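# Survey of secondary and tertiary structure
Listed here are the chains, written in short residue letters.
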Amino acid sequence: MENLPSNVDVQALIQENIALKRKLKSKELLLDQKNAEIQQYLYTVSHELKTPISSMRGYSILLQDFHLNDMNPEILAYLQKIANNLDQMDQMIDNLLDYTRIEVTQEECEEVDCEELIHDALDELNYLLQQNQYELTIAPNLPTIFCKRSLMVRVFTNLLSNAIKYSKNNELPRIEVGYIPDEIFHKFYVKDNGVGIAPADKEKIFQIFGRLNNKKEAKGNGLGLIISKRIIEKHGGEIWVESVRGKGSTFFFTLPRRSCN
Ligand code: ADP
């Protein structure tokens, strides 16, 4: 204040500042409201789609069961494909519903040992891990974090399963879970030596159905990372990727040291 030129009207500046803050606050409220409307819309559409999908699935299974012996095998195979695709759709809708429901409150958070989180994630991935060779290193200095346990297991499950799914076909997947201590944030990373992500795609992968063509045979529905992003953001952190196409990727995420959100 002391260094301001004498012709500056300090009172006017303060008033302008207050008015700008108010304007910003009302824009934030409007944005929150719009976001809530989009979530509600997504929830309703997803929910409404579940009933017809499960009825179509039921009919296709009934047809297969009733006509197992008198139906042309080609038609039976088509029916099987229809049922498989409907299963996939159903799974996508469940993930969309999960996405809209992700919330984190202080009351739901607890102190959790990260090593336990990772072991829970590895248990979830049992089937995938048994089918693949891989090498996994876990940092010895993992902290205890304040979080909603089930959701953070989901983040590790997603990042670890992607590290295996998007590995190179001719190279053993090498995965590293690391931790970089910082005064304000916990900073974690999951690093792999897989197919990598082109610079232009680094944002797309965090969007809804943001699948790339970087490994065609890998199964998925393009919702894992957007769900992880929402979980991390609801805890007050951030997630991003650093990657070189053909050389591997490192997914980083931060979490505030003390509170959930
Ligand atoms: P999904 O794996 O079900 O397709 P995700 O949301 O988890 O969905 O990932 C979105 C896309 O990001 C994937 O389809 C893939 O193309 C890319 N991706 C995710 N993780 C990796 C990784 N570790 N290495 C290379 N590409 C990745």
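Just above, that's the structure.
In this report, we go over the structure that sits alongside the text. Worth saying up front: this structure is predicted, and the values here are computed from it rather than measured.

### What to know about the site of the ligand
- By nearness alone, 21 residues border the ligand, and Asn162, Tyr166, Arg211, Asn214 and Leu225 come closest of all.
- Within the contact set of the ligand, an oxygen atom lies 2.9 Å away from a side-chain nitrogen or oxygen of lysine 165.
- Backbone polar atom of leucine 212 to an oxygen atom of the ligand: 3.2 Å apart, as the coordinates give it.
- Protein contacts shield 98% of the accessible area of the ligand, which totals 540 Å² for the unbound molecule.
- No other element matches the three residues that helix α5 (residues 149–165) contributes to the shell around the ligand.
- Across the shell around the ligand, the residue classes tally to eight nonpolar, ten polar and three charged.

### Description of the packing of aromatic side chains
- Applying the stated criterion across every chain, the model contains seven aromatic pairs.
- For the ring pair tryptophan 240 and phenylalanine 252, a centre distance of 5.4 Å and an interplane angle of 15° mean the geometry is stacked. Of the two residues, tryptophan 240 sits in strand β6 (residues 239–244) while phenylalanine 252 sits in strand β7 (residues 248–256), which places them twelve residues apart along the sequence.
- Put simply, the rings of Phe156, Tyr179, Phe188 and Phe253 touch in pairs and so form one group of aromatic residues.
- It is arginine 230 that lies over the ring of tyrosine 99; its NZ or CZ is 4.9 Å from the centre.

### Quick notes on the nonpolar core
- Among the nonpolar cores identified, the biggest contains 46 residues, and Leu117, Met152, Leu160, Phe188 and Phe253 are the most heavily contacted of them.
- In terms of residue count, the dominant contributor to this core is α5 (nine residues).
- Beyond its immediate chain neighbours, meaning those up to four positions away, phenylalanine 188 contacts Cys114, Leu142, Pro143, Ile145, Phe156, Gly178, Tyr179, Phe251, Phe252, Phe253 and Leu255.

### Observations regarding the packing of helix α3 (residues 114–124) against α5
- Viewed as axis vectors pointing N to C, α3 and α5 meet at an angle of 60°, and their least axial separation amounts to 8 Å. Compared by their axis directions, α3 and α5 come out oblique. Seen along the crossing, α3 lies across α5 with a hand that is right-handed. When α3 is examined against α5, the residues Glu116, Leu117, Ile118, Asp120, Ala121, Leu122 and Glu124 are found in contact with a partner set consisting of Arg149, Met152, Val153, Phe156, Thr157 and Leu160.
- Residues that form the contact of α3 with α5 fall into these classes: eight nonpolar, one polar and four charged.

Thresholds applied
- Residues numbered from 1 in each chain as written.
- Predicted model: local features only at pLDDT ≥ 70, side-chain atom pairs only at ≥ 80, totals over all residues.
- Heavy atoms only, no water.
- Near = heavy atom within 4 Å.
- Polar contact = N/O pair within 3.5 Å; in protein donor to acceptor, adjacent residues only side chain to side chain.
- Areas by Shrake-Rupley, 256 points an atom, 1.4 Å probe, with all protein chains shown as cover.
- Helix = DSSP H or I, 4+ residues; strand = E, 2+ residues; numbered from the N terminus.
- Nonpolar A, V, L, I, M, F, W, Y, C, P; charged D, E, K, R; others polar.
- Phe/Tyr/Trp six-rings, centres within 6.5 Å; stacked < 30°, edge-to-face > 60°.
- Lys NZ or Arg CZ within 6 Å of the ring centre and 35° of its normal.
- Core = buried A, V, L, I, M, F, W, Y, C linked by side-chain atoms within 4.5 Å.
- Buried < 20%, exposed > 50% of the residue type's maximum accessible area, 1.4 Å probe, protein only.
- Contact = heavy atoms within 4.5 Å.
- Axes fitted to C-alpha atoms, helices over the stretch in contact; angles between N-to-C directions.
- Parallel < 35°, antiparallel > 145°, perpendicular 65-115°, else oblique.
- Left-handed = near helix turned anticlockwise from the far one by under 90°.

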